[in-house]
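# Observations on the three-dimensional arrangement
Spelled out, the chains give:
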Amino acid sequence: MDNKLSLRRRSLIRDLKYSLVFGVAAVSILTAFLVFDFFLKQSEREYQANLIDYTDYLSKTLEPPLWDMEDELVGTICKAFAAHENIAVLRVFNDERKALCDIHSDKTARELTQPIVIHHQGRIVGEFELGLDDAFYRKRNIELLAYSLAITLVVVAAVALLLQLILKRLLQKPLGDLIEHIEKFAAETHQISIEPGERKEFAFILYKFNEMAAQVAAREQALRDSEQRFRALFEQAAVGVAQVETTTGRFVRINRRYCEIAGYSQEEMRGVTSQDITYPADRQVTRDHMASLVAGSSREFTLEKRYRRKDGSIVWVNLTVSPMWEQGERPNYHVSVVQDITARVQAQEELLRLNLNLEQRVQQETLKNREKDHMLIQQSRLAAMGEMVHNIAHQWRQPLNALAIIINNIQDDYEFGELSAATLQEAVAKSRRLLERMSTTVDDFRDFFRPDKEASDFAVERAVQDAVFIIGDSLKNNHIELDEKLDSGLIGHGYPNQFSQAILNLLVNAKEEILQRKIVGGRIEIRLHPQDDEAVLSVGDNAGGIEEGVLPKIFDPYFTTKEQGSGIGLYMTKMILERNMKGRICASNGSYGALFTIFIPLSSHRSN
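Residues numbered from 1 in each chain as written. Predicted model: local features only at pLDDT ≥ 70, side-chain atom pairs only at ≥ 80, totals over all residues. Heavy atoms only, no water.

### Points about helix α12 (residues 496-516)
For α12, with 21 residues, the first-to-last C-alpha span of 30 Å sits near the 30 Å given by 1.5 Å per residue. A large share of α12 lies buried, amounting to 18 of its 21 residues. Within two residues after α12, K518 carries a phi angle of roughly 55°, on the positive side. (Helix = DSSP H or I, 4+ residues; strand = E, 2+ residues; numbered from the N terminus. Expected span 1.5 Å × (residues − 1). Buried < 20%, exposed > 50% of the residue type's maximum accessible area, 1.4 Å probe, protein only.)

So, in structure tokens, the structure goes:
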């Protein structure tokens, strides 16, 4: 351990020295650059100042001879001026741009100035161009660079000495102590603390290190506590939880509840695989789901399956499997969570059985209700047949009376010797006409009550008139006026005889209410007209209407306000219209009595 710490200290010092060398080199380069840049700018300023001085001097010296046009004097001045060591090029021109002087030395000019104009008394008398020696300034810049490097070396030496003192006196020991405690910390010895030194910087670092060590120690303790809580939760969970080896299906860790569900002890569970305890019929579907999970096609899966317990009994479980690997990693382990759902499955099976029994009972009750409906229809038909017999008797009364008179006349003619072949033939012909009329009446009533075999298109107006034909004579005998206004050409679809019977029920009820309440001048109105895609038929009377408390109940089966009523007429009317005709009926009170309104859909085509 000591050798490791010694090596680490030496390594740290070596790294610090390297860092020092690199730092000093960087500082040296930066210092040299800054110093040279400073002197270079200073040299440039001197150059510009000299250039300005030279141009000012030449402008003032050449102004008089150029004004007086003394060209020789101008040449003399130029030669004297060009003898200066800094002058490389000098050109002088008069006001007509004629060269008076053009001197080039063997020196290299740095740059030529722009033509500098010379004025005298507001007039241009000439101009000149000047170029200074570049070699002079290059030499000056080299001297400045050497001077800069000398200053830089002094600065670098001072910085290196200072850093060496800092390294020896301020960094080596604190860093060595820090490395030693870091080694202990890496060896999971978290209960450590370093005494801070005199330097504030390292004291702050060591304080933060001690704070970090304390936090790590606290988190390590919290992690141990969390692990204990997890183990307790794992063992006491209400569902079965297990860590399973993916490739073999063997149980690595398994809690108590999982063993109870599977019917094995923990030691026995480690000797079997998940496929061993799976019911044979469910093994393939489990393998398919696991293959999809391993291939990455699914993130997790849930299925209901069966386990065969150690004692041979079957238990239903809800199994959820989640991988313990990230995408692209080797699928080593997965987590299986199982919940015993045997009671729920049994309850579902029992519910299914009850539903099957319920369906049978519903079918039985439906058959019973159909029988009741048939009975109600039969009762309604019997009631209507009673009305029919009454009407047939009324229809036959006059023909029978006429037939009796004919028979009596034949007897009288025979007794008095007045019976001749012509008289007998006439009497027989009259009798046959009367009998045919009576037979036609019976056929009409029989067709009305004949059951419809299948739905068909029919004329709504004709169905209403058939109902009126049955009850028409009865209304006349009771002095009840019948007012009909029926639009023709309306075609319905359904069972015309049943529809006529429903209308007949409404007419019979209206007649009975008028008679029961002894209404003088009884009246029944029938109206038929189209509305949108429906035929609307209304049947109203002047019997005073229906009580408001009774009105919502009049279509209920066996509900009646009559002493001898059966309570099935309006109920059957509603059933016929809603079930067989796909229509509807509503009842209300009109101005003088009850008003029943029927709506039935019109067929896709209407009669022309």
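### Some points on a negative patch on the surface
A contiguous patch of negative charge on the surface is contributed by D68, E70, D71 and E72. Mapped onto the elements, D68 comes out in helix α1 (residues 2-68). Given a relative accessible area of 45%, D68 falls into the partly exposed group. (Patch = residues over 30% accessible without salt bridge, like charges linked within 9 Å, V, L, I, M, F, W, Y side chains within 5 Å. Areas by Shrake-Rupley, 256 points an atom, 1.4 Å probe, with all protein chains shown as cover. Salt bridge = Lys/Arg side-chain N within 4 Å of Asp/Glu carboxyl O. Lys, Arg positive; Asp, Glu negative; His and termini not counted. Charge placed at Lys NZ, Arg CZ, Asp CG, Glu CD.)

### Topic: helix α13 (residues 569-580)
Because an α-helix packs 3.6 residues into every turn, residues spaced three or four apart end up facing the same way. Taking 1.5 Å per residue as the helical rise, α13 with its 12 residues ought to reach 16 Å, and the 16 Å between its terminal C-alpha atoms agrees with that figure. Along α13, the residues classified as buried are L570, Y571, M572, T573, M575, I576 and L577. Where α13 ends, the next residue or the one after it, K582, has phi of about 55°, a positive value.

### Observations concerning the sheet that holds strand β9 (residues 314-323)
As a general point, the strands of a sheet are linked pairwise by backbone hydrogen bonds and lie either parallel or antiparallel. Sheet architecture is open: five strands sit in the order β7-β6-β10-β9-β8, paired in antiparallel fashion. Both outer strands of the open sheet, β7 (251-254) and β8 (301-308), are each paired with one neighbouring strand and no more. Each strand axis lies, on average, 30° off the axis of its neighbour in the sheet, ignoring direction. Of the strands in this sheet, β8, β9 and β10 (333-340) touch helix α8 (residues 283-295), which is tilted by about 145° from β8. (Pairing = 2+ DSSP bridges. Axes fitted to C-alpha atoms, helices over the stretch in contact; angles between N-to-C directions. Contact = heavy atoms within 4.5 Å.)

### Focus on the nonpolar core
Nonpolar side chains tend toward joint burial in soluble globular proteins. Residues V464, F499, L507 and F596 are the most contacted members of the largest nonpolar core, which totals 43 residues. The greatest single-element share of this core, amounting to nine residues, is contributed by α12. V244, Y258, V315 and W325 belong to the second largest nonpolar core, which has 23 residues in total. (Core = buried A, V, L, I, M, F, W, Y, C linked by side-chain atoms within 4.5 Å.)

### What about the pairing of strand β16 (residues 584-589)?
Pairing of β16 with strand β17 (residues 594-601) involves six bridges; the strand directions are antiparallel. Paired with A587 across the two strands is F596, which belongs to β17. Between the end of β16 and the start of β17, which pair antiparallel, lie four residues.

### Regarding the pattern of salt bridges
Applying the stated criterion across every chain yields a total of 19 salt bridges. A salt bridge links R353 to E350; the shortest N-O distance between them is 2.0 Å. You can see R353 and its partner E350 sitting in helix α9 (residues 342-415), three residues apart, about one turn around the helix. The class of E350 is partly exposed, set by a relative accessible area of 35%. Of the charged contacts in the structure, one is a salt bridge between E525 and R527, with a shortest N-O distance of 3.9 Å. In this structure, a network of salt bridges that share partners links the residues R91, R97, D102, E127 and E129.

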